[in-house]
Amino acid sequence: IFGLSDPESVATGTVNSTANKNNISLAANGDTSLCDTGVCDGSGSGTARSITLRSTSFNSFQGFIFADGDITSETDTSNLTGDFSIMVEGAQMAFINVRNGVTIKDMGVTSIDQIGTADETGYQTFAHGVLGHSYVFKLPNNTYAVIEIISLTAGGGGFGGTAMFRYKYQPNGTRQF
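In short, a report on the structure.

Cut-offs and rules
- Per-chain numbering applies: the sequence of each chain, read as written, is numbered from 1 onward.
- Selection of residues for local features in this predicted model requires a pLDDT of at least 70, selection of side-chain atom pairs for listing and counting requires 80 or more, and totals for whole chains, interfaces and linings are taken over all residues.
- Neither water nor hydrogens contribute to the side-chain values; these are computed over all heavy atoms in the structure.
- Only the six-membered ring of Trp is used, alongside the rings of Phe and Tyr, when aromatic pairs are assigned; centres must lie within 6.5 Å, and planes under 30 degrees apart are stacked while those over 60 apart are edge-to-face, with the rest tilted.
- Put simply, DSSP marks the helices as runs of H or I at least four residues long and the strands as runs of E at least two long, and each gets a number from the N terminus on.
- Exposure is judged per residue with a 1.4 Å probe applied to protein chains only, and the accessible area is read against the type maximum: over 50% gives exposed, under 20% gives buried, and values in between give partly exposed.
- What we call a nonpolar core is a set of buried Ala, Val, Leu, Ile, Met, Phe, Trp, Tyr and Cys residues that are connected through their side-chain atoms within 4.5 Å.

### Brief notes about the packing of aromatic side chains
Phase 1 of the analysis: Applying the stated rule across the entire model yields ten aromatic pairs.
Phase 2 of the analysis: Between the aromatic rings of Phe64 and Tyr167, the centroid separation amounts to 4.9 Å while the plane-to-plane angle is 65 degrees, which identifies the pairing as edge-to-face. Here Phe64 is found in strand E5 (residues 60-65), whereas its partner Tyr167 is found in strand E13 (residues 161-170), with 103 residues between them in sequence.
Phase 3 of the analysis: Each ring, one from Phe66 and one from Tyr169, has its centre 6.3 Å from the other, and the planes form 10 degrees; the classification is stacked. With Phe66 in the loop between E5 and strand E6 (70-74) and Tyr169 in strand E13, this pair connects stretches of sequence that are 103 residues apart. One exposure class covers both Phe66 and Tyr169, and it is buried.

### What to know about the nonpolar core
Phase 1 of the analysis: Membership of the largest hydrophobic core comes to 24 residues, with the highest contact counts inside it found for Phe66, Phe84, Ile96, Tyr135, Phe137, Ile147 and Phe165.
Phase 2 of the analysis: Where this core is concerned, the elements lending two or more residues are strand E4 (49-57), strand E7 (84-88), strand E8 (93-98), strand E11 (133-138), strand E12 (144-154) and E13.
Phase 3 of the analysis: By size, the runner-up hydrophobic cluster in this structure holds eight residues, among which are Ile115, Ala118, Val146 and Phe177.

### Here we look at unusual backbone geometry
Phase 1 of the analysis: In this structure, Asn142 is a non-glycine residue whose phi angle is positive, near 60 degrees.
Phase 2 of the analysis: The topology assignment puts Asn142 in the loop between E11 and E12.

Rendered as structure tokens:
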């Protein structure tokens, strides 16, 4: 795909080859996936995207919405507008808060590329984010997402800094990534 000067005017969906090979799918948020058989419906591994969230204090931090890739401005951990938020505590740990209806599961030290299926059970409403760990999210609309913390940078003061993640979002309701 070449550069676009008017990307909001481009249709999204899936293009299928007649031989069901090298099908490409383009989502509304710009994510693409490629599958070699059948329809690219997001039921297999898709392309991981990267995001960086910042926090400056307990009352000023960013959140993220998986469905549209939006970064949100947050001020209250008990009333998040994003699916989750991050508050960096240091170079090795952060607090991951989730909005009402979202749950999270720590998958330990593993790459999101190694997570093919989200578990059905074992989710919590809060997690200590640890550098190198991956986390699966179960969202209220029965969709799933996974993140991998690849960088934590303390920015001084309590809860200040940046957190960089790789993520995948599964919009079709299956637990496969």
